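# Residue-level structural notes
Residues per chain, in single letters:
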Amino acid sequence: MNRRLFRYAAIIQLALTVITSIGCTPTQPFFLNESPNLQYYLDTAAEIEYPDVQVDSLAETTESLPPLTIDNHEFEYWDLSLEDCVSIALQNSKFFVTTGGTAEQRQNVAAQFTSGQAAQFGSVYDVAIQQSTTQSVPLTVDSQGNRVLPRGAPRANQVGGVEDALAEFDAQVSGFFNVATTDRVRNVGPGNVFNPQQFQAFDSTQQLAISKRTATGGVLTLREQVVYARNNVQTNDVGRQVPSDYTAVIEAQWQHPLMRNRGTLINRLPVVLASLNEDNTLHDFEISVRNLVRDVENSYWDLYVAYRNVETAMIGRNSAQATAEYAKQNLSGGKGTTQDVAQAAGQYFQFRSQLESALTGSNVPGLDRLGVYGAERVLREKMGLAPTDSRLIRPVDEPSLARINFDWEQAVCEMLALSPELRRSRTEVKKSELELIGAKNRLLPELNFSLLYRWVGVGDTLGPSSGSDIPAPNAGSSALAELTGGDYQEIGARLEYTPAAIGKRRPLADVRNKQLVLARNRDYVREQERLLVSQLSDAFGKQRTHYHLIQTTAQQLAAYDREVEARLALYRNGLSPVNEVLQSQLRRAQAQISYYQALAEYNKSLNYIHYLKGTLLLECGIELEEGPWPKKAYWDAIERARERTAGKKIRYGVTRPNVVRRGPVHPVAPAPAGDAQLLAPGGAVILEADDSGYEVIEPTQDNGIEIVPPGESILEDAPVGSGAAPQGSGAAPQGSPAPADGAAWQEQAAQEIAPVVHRTPLPARGGK
């Protein structure tokens, strides 16, 4: 009855399969109350929707105040040193809003950041993300529970973190339970005792195995099986002893390669490559931190120059206003002309426009693009602050006037040893060398040796026997008792040989590819070193040029200041036209701007040299360290250290991995520069003595030292809305021939060089 029912069901299923395959079903289903209007589906499919994500915004975003503009000067000064700015930037930076490369001129990437993706920019998460990167392929085992080793070449760009690579050596547990029945007719005679014609059986298999890959390439497997079998073979002297039986098995298997994939060097290649990838991520992190520090310092000096531009424009505006007032008085007294008044008024408005652009910035060609407000916003972007928070950052550090002469050979050595770009490129060379080792190993044939040892126990029951020990296969015997007795043991060995494909086209091409990649990476390191030396050479030249420009522009500023005073005296006596006075005032303002720009560029040059040498972070007192771990991590680390100390070191002989690192990076101790000089206020040269203290050298014609305005500041604010500028005030050094006496020369220089107004007041609203 059952057989007939199963036969009818099989016929019906076959008929349904044939009917559905020839296309009797409609292409579209039918629905009751169907409407031809599909606009709902079309509108929904093309609609742009917000994702269901909640991200809390920063207070710097939601609580930002209206920007500072030409008609909004509601703020208070926030005096910050360069060290404070760098510290705030490092504390607030989750992402490094900076550009890569080693170019001297930096770009602002805030606009690119807002339209880019998170993976395009460096962040504090990159190292941890690289360490936790894993592959999606799990550990695989075969039907016997043996680990199946991954095939293919380990490539540096295809491995995850170190933990993921080490996971290949984790032990893998596997198991299964299988049940099957047999009910069929066999082609034997009806009286066959050993193989009945109507055969019926019930079989089940349970297996549990643990397999682990070793560092030398082998696979160790420990496996247990319990097999149950029951059938209708007759139980008699010539058939089965009992109707059913249990077979308990414990196996230990060892598989090991003898040629290809043999040795710790080959099998640890993915781990070493993953470790080198993490090193490159650390190098990129160091580069991002270094670039951020340099960008903050450059923005700091740009803001300093912006303040000086405001000061210069203010002095020029006040001077032009005083000249215009004097021209009006001459016109009223019948001495001047209308052209003189108009020309003086035009120059006043020219300086006024420069003052407005120097304060707020303008895109008009020829004017300051950023101004104080714009330069301060750029600095805030890099510091991770809100664009406006009722405070205006004001630099309190003066640029350095020290004349620094770097030792060229030492600078080159420091750059070759400490540059993170070179370390990253050399890491790529090491990865290429390891990949080449792996490619050469794949030229060898596969010669694998396998050894199996098995303990077997067979019995009528699985558990221990009741009563006296009954040997198998008698009724009441125990499979586990037979297994633990150790009377039945088996051993097997297997040697597999699989050579490479005839001709070895693919392995040889892979070796050639790895050789070419290695040669390319080595040549890239050489070219990178050459170009970095070229950049360092250019930085050395710019540093010396900017230092001499400080002296040159200072003398130029002093000369133009004397010209302004002289032409103004002649104009008041009616001996000089007003246009010559106005032109001299304009030249003085340009010279003053050039002086402060040269001063800022000199400090940027010093920063750039340390940047190229790889000593910028060391110079700023910044060290990169790993953050704190949970207490459990330190507890586990101590346990692992004690475990390693108590263990015995295994020497793998010639198969041990080669050296891939040379230890941590230690900054080169700076050697004292014998010709490093500092300029004291007033122009005196301070030369550091070899034994102690400083020695002051008076400037003479022999050493060629010229007067340099000191970087001092005064706290009192000059009046903004005054009509006339006081004579002898401002930032212009009023130079004159130096007396022969050195002390008198310094005293006179200190009197002639007026201190610069560092904290420039803002123009009053509506003020002219």
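Each chain has its residues counted from 1, following the order in which its sequence is written. Reporting of local features is limited, given that this is a predicted model, to residues whose pLDDT is at least 70; pairs of side-chain atoms are given and counted only at 80 or more, and all residues count toward the totals for whole chains, interfaces and linings. Hydrogens and waters are ignored; side-chain quantities use all the structure's heavy atoms.

## Considering the overall build of the chain
Secondary structure elements follow DSSP: runs of H or I no shorter than four residues count as helices, runs of E no shorter than two count as strands, and numbering proceeds from the N terminus. Each helix and strand counted, the chain has 19 helices and 11 strands in total. Considering the chain as a whole, with its 768 residues, one finds that 39% of them fall into the buried category. In what follows, a contact means two residues having at least one pair of non-hydrogen atoms within 4.5 Å. Across the chain, every contact between residues at least 6 apart in sequence was considered, and the portion connecting residues at least 24 apart equals 78%. Each accessible area is a Shrake-Rupley result for a 1.4 Å probe, and residues are judged covered by the shown protein chains and nothing else. When the accessible area of the chain is evaluated, it comes to approximately 44,800 Å², of which 55% is carbon and sulfur surface. To sort residues, take the accessible area from a 1.4 Å probe on protein chains only and compare it with the maximum for the residue type: under 20% means buried, over 50% means exposed, and anything in between is partly exposed.

## Regarding the sheet that holds strand 4 (residues 219-231)
Sheet architecture is open: six strands sit in the order 2-3-4-5-7-8, paired in antiparallel fashion. Edge positions in the sheet fall to strand 2 (172-185) and strand 8 (489-498), since each has one partner strand and no second. Strand after strand, the sheet turns through a mean of 15° between neighbouring axes, direction not considered. Judged from the 14 bridges that link them, strand 2 and strand 3 (residues 198-213) form a sheet pairing that is antiparallel. Each bridged residue has a counterpart across the sheet, and for Ala180 the counterpart in strand 3 is Asp203. The rule for pairing is simple: two strands pair if DSSP sees at least two bridges between them. Each axis is a line fitted through C-alpha atoms, taken for helices only over the stretch in contact, and angles between the N-to-C directions span 0 to 180 degrees.

## Structural notes on the packing of aromatic side chains
Pairing of aromatic side chains here covers Phe, Tyr and the six-membered ring of Trp, requires ring centres within 6.5 Å, and sorts the geometry by plane angle: under 30 degrees stacked, over 60 edge-to-face, intermediate tilted. Enumeration over the complete set of coordinates arrives at 14 aromatic pairs. Seen in terms of ring centroids, Tyr228 and Tyr246 are 4.7 Å apart; in terms of plane orientation they differ by 45°. Their pairing is tilted. Placement of the pair is Tyr228 in strand 4 and Tyr246 in strand 5 (residues 244-257), with a sequence separation of 18 residues. Judged by relative accessible area, Tyr246 falls into the partly exposed class, the value being 23%. Geometry around Tyr611 places Arg290 over its ring, the cationic atom sitting 4.1 Å from the centre. Positioned above the aromatic ring of Tyr611 is the side chain of Arg294, whose terminal nitrogen or guanidinium carbon lies 4.8 Å from the ring centre. Both a distance and an angle decide whether a charge sits over a ring: NZ of Lys or CZ of Arg must be within 6 Å of the ring centre and within 35 degrees of the ring normal.

## A short note on the pairing of strand 5
Across 12 bridges, strand 4 lies against strand 5 in antiparallel orientation. Paired with Leu222 across the two strands is Ala252, which belongs to strand 5. By the bridge criterion, 12 bridges tie strand 5 to strand 7 (residues 446-459) in an arrangement that is antiparallel. Of the residues in strand 7, the one forming a bridge with His256 is Phe449.

## What to know about the pattern of salt bridges
For this analysis, a salt bridge means a side-chain nitrogen from Lys or Arg found within 4 Å of a carboxyl oxygen belonging to Asp or Glu. Applying the stated criterion to the full structure yields 33 salt bridges. Here Arg147 ties to Glu168 by a salt bridge, and the two come within 3.0 Å at their closest N and O atoms. Residue Arg147 is located in the loop between helix 6 (126-131) and helix 7 (162-166), and its partner Glu168 is located in the loop between helix 7 and strand 2; the two are separated by 21 residues in the primary sequence. For Arg147, a relative accessible area of 4% corresponds to the buried category. You can call Glu168 partly exposed: its relative accessible area is 21%. Each of Arg223, Glu251, Arg454 and Glu490 takes part in salt bridges that share partners, so that together they form one network.

## What about the nonpolar core?
Counting 62 residues, the largest nonpolar core has Val372, Leu379, Met383, Ile393 and Leu536 as its most contacted members. In these notes, a set of buried Ala, Val, Leu, Ile, Met, Phe, Trp, Tyr and Cys residues joined through side-chain atoms within 4.5 Å is what counts as a nonpolar core. One finds Val162, Leu269, Ala274 and Leu276 within the second-largest nonpolar core, a separate group that totals 12 residues.

## Overview of helix 13 (residues 420-441)
The end-to-end C-alpha separation of helix 13 is 32 Å, in line with the 32 Å expected for 22 residues at 1.5 Å each. A large share of helix 13 lies buried, amounting to 16 of its 22 residues. By this rule the span expected of a helix is its residue count minus one, scaled by 1.5 Å.

## Observations regarding unusual backbone geometry
Excluding glycine, residues mostly have negative phi values, and the peptide bonds linking residues are mostly trans. Put simply, Ala472 and Pro473 share a cis peptide bond, and its omega is 5°. Along the polypeptide, Pro473 turns up in the loop between strand 7 and helix 14 (479-485). For Asn261, which is not a glycine, the phi torsion comes out positive at approximately 65°. Examined against the element boundaries, Asn261 turns out to sit in the loop between strand 5 and helix 8 (264-267).

## So, the packing of helix 9 (residues 269-332) against helix 13
In contact at an axis separation of 9 Å, helix 9 and helix 13 are set at 165° when each is read in the N-to-C sense. As the angle between them shows, helix 9 and helix 13 are arranged roughly antiparallel. As for how helix 9 packs across helix 13, the hand of that crossing is left-handed. Of the residues in helix 13, those touching helix 9 at Leu269, Val272, Leu273, Leu276, Asn277, Asn280, His283, Asp284, Glu286, Ile287 and Arg290 are Pro420, Glu421, Arg423, Arg424, Thr427, Glu428, Lys430, Lys431, Leu434, Glu435 and Gly438. For the contact of helix 9 with helix 13, the class distribution of residues is seven nonpolar, five polar and 10 charged. The scheme is simple: roughly parallel for angles under 35 degrees, roughly antiparallel for over 145, roughly perpendicular for 65 to 115, oblique for anything else. Handedness of a crossing follows from how the near helix is turned relative to the far one, being left-handed for an anticlockwise turn of less than a right angle and right-handed for a clockwise one. Each residue gets one of three labels, nonpolar for Ala, Val, Leu, Ile, Met, Phe, Trp, Tyr, Cys and Pro, charged for Asp, Glu, Lys and Arg, and polar for the others, Gly among them.

## Considering the packing of helix 10 (residues 338-360) against helix 11 (residues 371-383)
At a closest axis distance of 2 Å, the pairing of helix 10 and helix 11 adopts a crossing angle of 15°. With respect to helix 11, the element helix 10 is oriented roughly parallel. Along its contact with helix 10, which presents Ser357, Ala358, Leu359 and Thr360, the element helix 11 presents Gly371, Val372 and Tyr373. A class-by-class count of the residues in the contact of helix 10 with helix 11 yields four nonpolar, three polar and no charged.

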